[in-house]
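# Fold and geometry: a report
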Amino acid sequence: MTNTDATSVPPTLIPALKRLTRQAEENAVGSEEFENASVGEVADARVVAEGLAKIGIEVSPKVAYQVWSLVSENYQAGWLDGPRNVEDASQAVLGLCRDIADGADYAGFSGKGQ
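### Focus: the environment of Q91
You can see Q91 is positioned in helix α4 (residues 86-101). Q91 sits in the partly exposed class, given a relative accessible area of 38%. In the structure, Q91 is positioned 40 residues away from G51 in sequence and 8.2 Å away in space, judged by C-alpha atoms.

### Looking at the nonpolar core
Ranked by internal contacts, the top residues of the largest apolar core, which has 28 residues, are L20, L52, V67 and V93. Among the secondary structure elements, those contributing two or more residues to this core are α1 (14-28), α2 (39-54), α3 (61-74) and α4. Element by element, the count of residues in this core is highest for α4, at 7 residues. The residues contacting V67, other than those within four sequence positions of it, are L20, A24, V48, L52 and V93. With 5 residues, the next largest nonpolar core counts F34, A37, A45 and Y65 among its residues.

### Overview of the side chain of S90
Note on placement: S90 falls in helix α4. From its side chain, S90 meets the backbone oxygen of E87 in a polar contact 3.0 Å long. Look past the residues within four positions of S90 in its chain and what remains in contact with it is G51, K54 and I55.

Reading guide: rules and limits
Residues numbered from 1 in each chain as written. Predicted model: local features only at pLDDT ≥ 70, side-chain atom pairs only at ≥ 80, totals over all residues. Heavy atoms only, no water. Helix = DSSP H or I, 4+ residues; strand = E, 2+ residues; numbered from the N terminus. Buried < 20%, exposed > 50% of the residue type's maximum accessible area, 1.4 Å probe, protein only. Core = buried A, V, L, I, M, F, W, Y, C linked by side-chain atoms within 4.5 Å. Contact = heavy atoms within 4.5 Å. Polar contact = N/O pair within 3.5 Å; in protein donor to acceptor, adjacent residues only side chain to side chain.

This is the structure in structure tokens:
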């Protein structure tokens, strides 16, 4: 994870964003989900990677796939339809970060939904 321009992320969400990306990086290690993903899911992951880059987080598409998986889990879905564009991706990630910061997520950070 490389922060290039975290100024677009509210300071109160930075710890949650770091937790989210760290968890996604850990989930990606040894996982073959990205390699076995559909063409559409791989395309979604690339858009998510671009959305993360927009808010200052540089990750591989494999890690971005895990980020979107956590976003999907937060909405209690197996895999959400991918983001429409880069802005949609970054807003979805920040939405999950808000839920993490508030202790109200279903992606495993707050303990809800487990």
